[in-house]
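# Coordinate analysis (summary)
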Amino acid sequence: MATDLKVLGACPLDCPDTCSWEVTVSGGRAVRLRGNPDHPFTRGALCTKVNRWLERAASPDRILHPLRRTGRKGEGRFERITWDEALDEIADRLGAIIGEHGGEAIWPYWGTGTLGWIQGCNGMAGQRLFNVLGASRHHMSICSIAGSHGLVYATGTSAGIDPETFALAKLVILWGTNTLTSGHHLWKSIQDARRDGAYVVAIDPVRTRTAKQADEHLAPLPGTDAALALGLMNVIVGLGLEDREYLAERTLGWETFRERVAAFPPSRAAEITGVPEADIVALGERIARTRPTAIRATMGLQRHAGGGATLRTLACLPGVTGDWALPGGGLSYSTDAHFPIDTAALFRADLAPRRTRRLSMTRLGEGLLEVDDPPVKALFVIAANPAASAPHQSRIRRGLAREDLFTVVLEQFPTDTADYADIVLPATMQHEHADLHNGYGHLYLAWNEPAVEPPGECLPTTETFRRLARRMGLTEPSLYDTDEQLAEQALRPTGITLDRLRKEGFARLPLPDPFVPFADGFPTPSGRLEFVSDLAAAAGHDPVAGYVPAAEVPDPERAARYPLALIAAAPHHFLNTVFGDNPELRRRAGEPRVTLHPDDAAARGVRAGDRVRVHNDRGAFEAVAEVSDDVRPGVAATVKGRWPKLSGGANANALVAERDSDMGGGAVFHDTRVQITRL
Ligand SMILES: Nc1nc2c(c(=O)[nH]1)N[C@H]1C(S)=C(S)[C@@H](COP(=O)(O)OP(=O)(O)OC[C@H]3O[C@@H](n4cnc5c(=O)[nH]c(N)nc54)[C@H](O)[C@@H]3O)O[C@H]1N2
Ligand SMILES: Nc1nc2c(c(=O)[nH]1)N[C@H]1C(S)=C(S)[C@@H](COP(=O)(O)OP(=O)(O)OC[C@H]3O[C@@H](n4cnc5c(=O)[nH]c(N)nc54)[C@H](O)[C@@H]3O)O[C@H]1N2
Ligand code: SF4
Ligand SMILES: [Mo]
């Protein structure tokens, strides 16, 4: 009797936890998927979403063959074609476009469908080919970049503390992060801390499922967190409990920053944030007297026009208290930058004829409708669903509908974006291809070994681009590197070999445990935590860390027309738009909803269960109203990830501006003013 085979892999989704998983293969079929019990962070559990992975892989909707459009753009009508036909057509069209407009008329648009270094957006699979063609460069601005930039000005890197050290904290602050939804494995470390007496505070305009589990919840107005942080530091300094030795030895610019802190007494912080002054004083005192204090601040916090400054200023708080020096103290954002992956070796920028222009992921509408010289004539969408996930939906749709745009979509499912494709290419799922991953919420690398043969004619992204390169007659040898060669090149600086990773499935970075990242200084120009930064000044920012207001939320004119600030955060049952079409998860998630405070609902004659229209001058979506003081007055809460075509044609991104945040050109998803009207 054939025995079942167990194959180790990793979850590819854009989630900090990057779970290690084990696929059971029987008779060539994947019959079971579970979390790896031996992985210290996964601890045997996946999540509500990925527990349905194999069901998703076997879905009748899965795209299994290349397709060519037969209907109008956006209609989603296609005919099956062969790979040969698809590659011929793509090679011909690209050749003609390059001949007429040059390589920059091509935009390879990678999304976060998989974070892999080989198949996914971290490694920008296919980038080498696009370099050879001289294509425009893709700026991955959609998710975390503003906060990363802000942290670099303060601590020299976006890589904060190891989330596993939260188990050692005595005070845990969950700041603009919904742990139990958007990366629940950290909760185990928080529970460990709690068993040792730690106190947990959530700071979120919405009383999320995480905030409900916390000991205390503060609900600031969206985009005001830097003012709150300054108020808290003001309380600490007022008590004389700042860590003077740490400030003298490990930080730069304290004298100047202290003046800024002095300008934010709790009364002023209360006025800006809407958090009661007494609560700010109480939390400030608690932080002042509790060592170590661990702050978890993730991407939700920086989806505002002042998002970069927010993370920059939050990172100053553990500098004032000296927490950065302690295991279990400091701030955690994304551990990505701790992984010394050789990106230069992977991307091979040297293959490009010259340094080409960069187009921003969050400005797709602009890129397709306004960018000229040359205009974008060919769009490759790779593991992305911008018609659902990127800002200003109606503009994106107008751009995608351009008859003179040649769009190729590499997809697993018939998304709203795929509906606009000229050619759809069928993509493998994670258990069908090889990939290399790192967590951005822990310190482990993972190797994902393919467990089964791909269904139908699905191909991994790397193989798709190898075949296209061959079809285009390109001779650059590195375009044909195998997945294993790519992984070896990427891994070289990590000190962990592919052989070992393959054998063990995962490996922690060779760092001390517990890991205190800045014990020997910060990777800033001064080697210290920089309250005042020359780099920030040179980039046109305030040299001193501080509070930069959001764009729409505090704008009185906009507030008069659109009185509610909309937050569309991570949904519990979907991962961005992945699983947004899964019947069981949709059933559990229920209809699209928007939650209003009872006062705001009453002012609009809205009762729980009413159908409402959420709208502003950019667009609208429909939802069922939920009335609850889980949201603070003035805020309306919904989630991202809904498929427009399954939700009446639009989702929250119909209302979001195509605007850059203060740093890095990040997106401003939670900086959106709206009105809500009963239907
Ligand atoms: N289940 C699930 N998990 C996910 C995802 C998903 O779609 N579903 N998405 C993944 C991805 S791509 C990412 S980037 C991460 C994102 O995960 P998070 O970083 O957690 O980001 P968000 O869900 O956008 O926002 C988190 C919380 O911040 C709050 N918030 C919004 N604005 C503000 C503010 O101005 N101040 C404060 N204090 N709070 C604010 C929101 O109400 C929300 O509860 O999660 C990943 N994990
Ligand atoms: N309103 C609002 N909008 C948001 C956010 C928010 O907080 N609020 N969050 C933003 C954030 S943080 C992010 S990261 C973006 C995400 O936005 P995108 O990067 O566009 O990600 P998704 O919408 O999840 O689309 C990913 C697609 O990749 C496909 N896919 C998955 N794996 C593979 C693969 O191996 N190969 C190929 N070819 N395809 C694959 C999936 O089927 C899916 O359709 O959304 C952003 N949008
Ligand atoms: S989505 Fe996150 S929690 Fe769920 S399996 Fe993937 S990595 Fe783990
Ligand atoms: Mo993200």
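Everything numeric in this text was worked out from a predicted model, so none of it was measured.

Across all of its chains, the model carries 15 aromatic pairs by this definition. Taking 5.8 Å as the distance between ring centres and 90° as the angle between the ring planes, the aromatic pair formed by Trp110 and Phe130 counts as edge-to-face. Separated by 20 residues along the polypeptide, Trp110 in strand S6 (residues 106–110) and Phe130 in helix H3 (residues 127–133) bring together distant segments of the chain. You can call Trp110 buried: its relative accessible area is 1%. Feature note: the residues Trp110, Phe130, Phe380 and Phe465 constitute an aromatic cluster, connected by ring pairs. Residue placement shows Arg268 over the ring face of Phe264; its charged tip is 4.1 Å from the ring centre. Looking at Arg286, its charged tip hangs above the ring of Tyr199, at a distance of 3.4 Å from the centre.

This part takes up the sheet that holds strand S19 (residues 444–448). Read from one edge of the open sheet, 3 strands run S18-S19-S20, paired in antiparallel fashion. Edge positions in the sheet fall to strand S18 (435–438) and strand S20 (506–508), since each has one partner strand and no second. Here the strands of the sheet are splayed against their neighbours by 15° on average, with no regard to which way each runs. Where S18 meets S19, 4 bridges bridge the pair, whose relative direction is antiparallel. Opposite Leu436, over in S19, you have Trp447 as the bridge partner.

This part is about the site of ligand 1. For ligand 1, the set of nearby residues contains 34 residues, the closest of which are Asp204, Gly223, Asp225, Thr298 and Phe574. Here a nitrogen atom of ligand 1 sits 3.1 Å away from a polar atom, N or O, in the main chain of Ile203. One of the side-chain N or O atoms of Asp225 is found 2.6 Å from a nitrogen atom in ligand 1. Isolated, ligand 1 exposes 900 Å² of accessible area, and the fraction of that covered by the protein chains is 99%. Across the shell around ligand 1, the residue classes tally to 15 nonpolar, 13 polar and 6 charged. Each of domain 1 (161–333) and domain 2 (556–678) gives at least three residues to the shell around ligand 1.

The next thing to look at is the pattern of salt bridges. Scanning the model with the defined rule gives 53 salt bridges in all. Here Asp350 and Arg348 are joined by a salt bridge, their closest N and O atoms 2.8 Å apart. For Asp350, a relative accessible area of 54% gives the class exposed. Exposure remark for Arg348: the relative accessible area of 23% places this residue in the partly exposed category. Between Arg678 and Asp610 there is a salt bridge, with its nearest N and O atoms 3.0 Å apart. Here Arg678 is found in strand S27 (residues 672–678), whereas its partner Asp610 is found in the loop between helix H25 (598–603) and strand S24 (611–616), with 68 residues between them in sequence. Residue Arg678 is classed as partly exposed on the basis of its relative accessible area of 42%.

What follows is about the pairing of strand S22 (residues 564–569). When you tally the buried positions in S22, you get 5 out of 6 residues, the bulk of the element. As paired strands, S22 and S27 are joined by 3 bridges and run antiparallel to one another. Directly across from Ala565, in S27, lies its bridge partner Arg673.

Another aspect to go through is helix H19 (residues 461–471). Side chains of residues three or four places apart in an α-helix project in the same direction, reflecting 3.6 residues per turn. Along H19, 8 of the 11 residues are buried, which leaves the element largely enclosed by surrounding structure. Those residues of H19 that sit buried are Thr461, Thr462, Glu463, Thr464, Phe465, Arg466, Leu468 and Ala469. On its buried face, H19 is in contact with helix H2 (83–101), H3, strand S15 (378–382), strand S16 (406–411), strand S17 (423–426) and helix H20 (483–491). One or two steps after H19, the chain reaches Gly473, where phi turns positive at roughly 70°.

Another aspect to go through is the pairing of S15. Strand residues, when the strand is regular, have side chains that alternate between the two faces of the sheet. Within S15, 5 of the 5 residues are buried, which leaves the element mostly enclosed by the surrounding structure. Where S6 meets S15, 5 bridges bridge the pair, whose relative direction is parallel. Paired with Ile106 across the bridge in S15 is Ala378. One ladder, built from 5 bridges, connects S15 with S16; its direction is parallel. The residue of S16 that forms the bridge with Val381 is Val409.

Below, the discussion takes up the UniProt feature "domain: 4Fe-4S Mo/W bis-MGD-type" (unreviewed entry) in the protein. Per the UniProt record, the feature "domain: 4Fe-4S Mo/W bis-MGD-type" (unreviewed entry) sits at residues 4–61. Here residues 4–61 is 9% helix and 34% strand, with 28 Å between the C-alpha atoms at its ends.

Let us now look at the site of ligand 3. Around ligand 3, the surrounding shell consists of Cys11, Cys15, Asp17, Thr18, Cys19, Leu46, Cys47, Lys49, Val50 and His185. Grouping the constituent residues of the shell around ligand 3 by class yields 6 nonpolar, 2 polar and 2 charged.

Partitioning the protein into structural domains gives domain 1 (161–333) and domain 2 (556–678). Between the C-alpha centres of domain 1 and domain 2 there is a distance of 27 Å. Overall, the association of domain 1 and domain 2 removes approximately 1,700 Å² of surface from exposure, summing both partners, and the carbon and sulfur fraction of that is 55%. By the criterion of area lost to domain 2, the three top residues of domain 1 are Arg207, Arg303 and Ala305, representing 32% of everything that side buries. At the junction of domain 1 with domain 2, the criterion picks out 3 salt bridges. In this assembly, domain 1 and domain 2 are joined by 16 residue pairs in polar contact (both at pLDDT 80 or more). In terms of residue class, the side of domain 1 that touches domain 2 is built from 9 nonpolar, 10 polar and 5 charged.

Calculation notes
Residues numbered from 1 in each chain as written. Chains lettered and ligands numbered in written order. Predicted model: local features only at pLDDT ≥ 70, side-chain atom pairs only at ≥ 80, totals over all residues. Heavy atoms only, no water. Phe/Tyr/Trp six-rings, centres within 6.5 Å; stacked < 30°, edge-to-face > 60°. Helix = DSSP H or I, 4+ residues; strand = E, 2+ residues; numbered from the N terminus. Buried < 20%, exposed > 50% of the residue type's maximum accessible area, 1.4 Å probe, protein only. Lys NZ or Arg CZ within 6 Å of the ring centre and 35° of its normal. Pairing = 2+ DSSP bridges. Axes fitted to C-alpha atoms, helices over the stretch in contact; angles between N-to-C directions. Near = heavy atom within 4 Å. Polar contact = N/O pair within 3.5 Å; in protein donor to acceptor, adjacent residues only side chain to side chain. Areas by Shrake-Rupley, 256 points an atom, 1.4 Å probe, with all protein chains shown as cover. Nonpolar A, V, L, I, M, F, W, Y, C, P; charged D, E, K, R; others polar. Domains from an automatic or database assignment. Salt bridge = Lys/Arg side-chain N within 4 Å of Asp/Glu carboxyl O. Contact = heavy atoms within 4.5 Å. UniProt positions renumbered as here; feature names shortened; annotations may be inferred. Buried area = accessible area lost by both parts, 1.4 Å probe.

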